[in-house]
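Summary of the model geometry
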Amino acid sequence: MVDGSRPGVVVHLDEADPARQRLALANVANLLADLGPAAGPVELVVNGPGLDVALQGSPLAGDLAALQGQGVVVAACANTLAARGLERSALLPGVHVVPAGVSELVRRQREGWAYLRP
């Protein structure tokens, strides 16, 4: 999971539009390229229609894997999985599940994390 010892950046993706999904992933890549470790831990929270980016067969699976390889944690909303009748096995490798995407966002912000919604 995410190193909670220091605040980082939590990125919120809740849109199904492929252009918005590419934008969100590009924003994360740009953040890492510019700030590197100074960004702190980075967590991408996907919920609602944004979950599509983290599902098996996603056209952005390679981009997501590259970000994970740089330490980005991808957190999928369990409520969205349940609402869509999906099992955890539907997720790409390395994607973590959190009880609720919205509460994960609130939790991180209360811990002092920067919030980004591209």
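In the block above lies the structure referred to throughout.
Below: a short report on this structure. (Residues numbered from 1 in each chain as written. Predicted model: local features only at pLDDT ≥ 70, side-chain atom pairs only at ≥ 80, totals over all residues. Heavy atoms only, no water.)

**What about the overall build of the protein chain?**
- The secondary structure content of the protein chain amounts to four helices and five strands.
- The helix and strand sequence of the protein chain, counted from the amino end, reads β-α-β-α-β-α-β-α-β.
- Taking the principal axes of its C-alpha atoms as reference, the protein chain extends roughly 40 × 25 × 20 Å.
- The buried share of the protein chain, taken over its 118 residues, is 43%.
- Looking at the protein chain alone, contacts between residues at least 24 apart form 76% of all its contacts between residues at least 6 apart.
- Summing over all exposed atoms, the protein chain offers an accessible surface of approximately 5700 Å²; the carbon and sulfur share of this is 55%.
- Positive and negative side-chain charges of the protein chain, numbering 9 and 11 respectively, have mean locations separated by a distance of 4 Å. (Helix = DSSP H or I, 4+ residues; strand = E, 2+ residues; numbered from the N terminus. Buried < 20%, exposed > 50% of the residue type's maximum accessible area, 1.4 Å probe, protein only. Contact = heavy atoms within 4.5 Å. Areas by Shrake-Rupley, 256 points an atom, 1.4 Å probe, with all protein chains shown as cover. Lys, Arg positive; Asp, Glu negative; His and termini not counted. Charge placed at Lys NZ, Arg CZ, Asp CG, Glu CD.)

**A look at the pattern of salt bridges**
- Throughout the structure, instances matching the rule amount to eight salt bridges.
- In this structure, Asp14 and Arg117 form a salt bridge, with 2.8 Å as the shortest nitrogen-oxygen distance. One end of the pair, Asp14, is in the loop between strand S1 (9-13) and helix H1 (18-35); the other, Arg117, is in the segment after strand S5 (114-116), with 103 residues separating them in the sequence.
- The exposure class of Arg117 is partly exposed, given its relative accessible area of 39%.
- In this structure, Glu104 engages Arg107 in a salt bridge whose closest nitrogen and oxygen atoms are separated by 2.6 Å. Here Arg107 and Glu104 lie together in helix H4 (residues 101-110), a separation of three residues that amounts to about one turn.
- With a relative accessible area of 4%, Glu104 lands in the buried category.
- The network of salt bridges with common partners includes Glu43, Glu104, Arg107, Arg108 and Glu111. (Salt bridge = Lys/Arg side-chain N within 4 Å of Asp/Glu carboxyl O.)

**What about the sheet that holds S1?**
- What the five strands build is an open sheet, ordered S4-S3-S2-S1-S5; its pairing is parallel. In this open sheet, the two edge strands, each paired with only one partner strand, are strand S4 (96-98) and S5. On average, adjacent strands in this sheet sit at an angle of 30° to one another, irrespective of strand direction.
- Note that S1 and strand S2 (residues 42-46) share five bridges and pair parallel. Looking across to S2, one finds that Leu13 is bridged to Val46.
- Sitting on the sheet, H1 touches S1, S2 and S5, and the angle it makes with S1 is about 170°. (Pairing = 2+ DSSP bridges. Axes fitted to C-alpha atoms, helices over the stretch in contact; angles between N-to-C directions.)

**Section: the side chain of Thr80**
- Its location among the elements puts Thr80 in helix H3 (residues 78-83).
- Apart from residues lying up to four places away in sequence, Thr80 is in contact with Asn47, Gly48 and Leu51.

**Topic: the packing of aromatic side chains**
- Evaluated as defined, the whole model comprises zero aromatic pairs.
- The ring of Trp113 has Arg108 sitting right over it, with the charged end atom 4.5 Å from the ring centre. (Phe/Tyr/Trp six-rings, centres within 6.5 Å; stacked < 30°, edge-to-face > 60°. Lys NZ or Arg CZ within 6 Å of the ring centre and 35° of its normal.)

**Structural notes on the pairing of S2**
- Most of S2 is tucked away: five of the five residues are buried.
- Traced from S1 through H1 to S2, the parallel crossover comes out right-handed.
- Pairing geometry for S2 and strand S3 (residues 73-77), over four bridges, is parallel. What sits directly across from Glu43, in S3, is Val73.
- In the classification by handedness, the crossover that spans S2, the intervening helix H2 (residues 61-69) and the parallel S3 is right-handed. (Right-handed = clockwise from strand over helix to strand, strands pointing away.)

Honestly, it's all geometry; don't read function into it.
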